[in-house]
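Examining the three-dimensional arrangement
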Amino acid sequence: MLDTDALNRPLNILIPKFLQFFKHTSPKIRSHAIACVNQFIIGRSQALMVNIDAFIQNLFFLANDDDPEVRKNICRAIVMLLEVRMDRLVPHMTSIIDYMLARTQDADEGVSLEACEFWLSLADEPVCKEALQPHLDRLIPVLVRGMKYSEIDIILLRGDVEEDEMVPDREEDIRPRFHRSRNHHVDGGGGVIMAASPDGVDLVIYFCLR
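Small disclaimer: the values here were computed from a predicted structure and weren't measured.

Attention shifts here to the packing of aromatic side chains. All chains considered together, the criterion is met by two aromatic pairs. Centroid distance Phe 22 to Phe 55: 6.0 Å. Interplanar angle 70°. Geometry classified as edge-to-face. With Phe 22 in the loop between α1 (11-21) and α2 (27-38) and Phe 55 in helix α4 (residues 52-61), this residue pair connects regions lying 33 residues apart in the sequence. A relative accessible area of 0% places Phe 22 in the buried class. Aromatic side chains Phe 118 and Trp 119 sit 4.9 Å apart centroid to centroid with 80° between the ring planes, which places their arrangement in the edge-to-face category. It is Lys 23 that lies over the ring of Phe 61; its NZ or CZ is 4.7 Å from the centre.

Encoded structure:
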């Protein structure tokens, strides 16, 4: 409704205003401004599409922001833009991959989890193989390190193992639990990496490694 003539298209005013707030001195306002714009990516809002280049430029401007919530929302935005406006990201793909590699290793666990979604989404795109091939020597070690449970996780999980180690796993016990609405998959020839976050949340990363 915010993008319709029925309400005189208020998004035409709101989107540019949100973009201005990307450079606000308050990290909370910066974070909320990105989150507000993110709401209109998947729906391909006309007001956002008109300002898409300014949006992407502002995301790049905040790439090194110190606030973890800002970094989370940047990762979310880039993941959604992969699906909606890949054409605008392709010219910057090397820089984006470098950024997501850094965010996958972010000290903030929430940021690193959001960054992991990028690799899942990229694997669904036709440019996956060409885009990732030059970076696999750096990417794979990062993901493999993320597979390792911490000592605390092992202690917490060990109780479950000792109690039911002789009981066959049910299908729901082994199904990946960290999975967004999109159906990430690779049709044949792809590699699969199982990873676990520090809090025990399982991740499945699919790659076009053919």
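Picking up after the structure, the text goes on.
In this section: the pattern of salt bridges. Charged atoms that come close allow side chains of opposite charge to pair. Under the defined criterion, the tally for this structure stands at nine salt bridges. The partner of Arg 88 in a salt bridge is Asp 53, and the shortest N-O contact between them spans 2.7 Å. Taken together, the residues Arg 88 in helix α6 (residues 86-89) and Asp 53 in helix α4 connect sequence positions 35 residues apart. For Asp 98, the salt bridge is made with Arg 138, and the minimal N-O distance between the two is 2.7 Å. Note that Asp 98 is positioned in helix α7 (residues 93-104) and Arg 138 in helix α10 (residues 136-146), a separation of 40 residues in sequence. For Arg 138, a relative accessible area of 38% translates into the label partly exposed. Each of Asp 53, Arg 85, Asp 87 and Arg 88 takes part in a single network of salt bridges with overlapping partners.

Looking now at the environment of Leu 7. Here Leu 7 lies in the segment before α1. Filtering out sequence-adjacent residues up to four positions away, Leu 7 remains in contact with Met 1 and Leu 2.

Running from amino to carboxyl end, α7 crosses α10 at an angle of 20°, the nearest separation of the two axes being 10 Å. One finds that α7 runs roughly parallel with respect to α10. Crossing handedness for the pair α7 and α10: left-handed. Only Arg 138, Leu 139, Val 142 and Leu 143 of α10 make contact with α7, whose side of the interface consists of Asp 98, Leu 101 and Thr 104. Here the contact of α7 with α10 is composed, by residue class, of four nonpolar, one polar and two charged.

The subject of this paragraph is the packing of helix α5 (residues 68-84) against α7. Geometry of a packed helix pair, given as the angle between the helix axes and the separation of the axes. Relative orientation of the contacting elements α5 and α7 amounts to 135°, with a least axis distance of 12 Å. Taken together, the axes of α5 and α7 are oblique relative to one another. In the crossing of α5 with α7, the sense of the turn from one axis to the other is left-handed. Here Arg 71, Ile 74, Cys 75, Ile 78 and Leu 82 of α5 lie close against α7, whose contacting residues are Met 93, Ile 96, Tyr 99, Met 100 and Arg 103.

Conventions adopted
Every chain's residues receive numbers from 1 upward, in the order its sequence appears when written. Reporting of local features is limited, given that this is a predicted model, to residues whose pLDDT is at least 70; pairs of side-chain atoms are given and counted only at 80 or more, and all residues count toward the totals for whole chains, interfaces and linings. Only hydrogens and water are removed before side-chain values are computed, so all heavy atoms of the structure are retained for them. Working definition: rings of Phe, Tyr and Trp (its six-membered ring) pair if their centres are within 6.5 Å, and the pair is stacked with planes under 30 degrees apart, edge-to-face with planes over 60 apart, and tilted otherwise. Only DSSP runs of H or I with at least four residues qualify as helices, and only runs of E with at least two residues qualify as strands; both kinds are numbered from the N terminus onward. Whether a residue is buried, partly exposed or exposed follows from its accessible area with a 1.4 Å probe, protein chains only, as a fraction of its type maximum: under 20%, in between, or over 50%, in that order. Geometrically, a lysine NZ or arginine CZ counts as sitting over a ring once it is within 6 Å of the ring centre and also within 35 degrees of the ring normal. By convention in these notes, a salt bridge is any Lys or Arg side-chain nitrogen within 4 Å of a carboxyl oxygen on Asp or Glu. Any two residues whose heavy atoms approach within 4.5 Å are treated as being in contact. Only C-alpha atoms enter the line fits that serve as axes; for helices the fit covers just the stretch in contact. Angles between N-to-C directions range over 0 to 180 degrees. Relative orientations are named as follows: roughly parallel for angles under 35 degrees, roughly antiparallel for angles over 145 degrees, roughly perpendicular for angles from 65 to 115 degrees, and oblique for any other angle. Whether a crossing is left-handed or right-handed is set by the direction in which the near helix is turned from the far one by less than a right angle, anticlockwise for left-handed and clockwise for right-handed. Three residue categories are used. Nonpolar comprises Ala, Val, Leu, Ile, Met, Phe, Trp, Tyr, Cys and Pro, charged comprises Asp, Glu, Lys and Arg, and polar comprises the others, including Gly.

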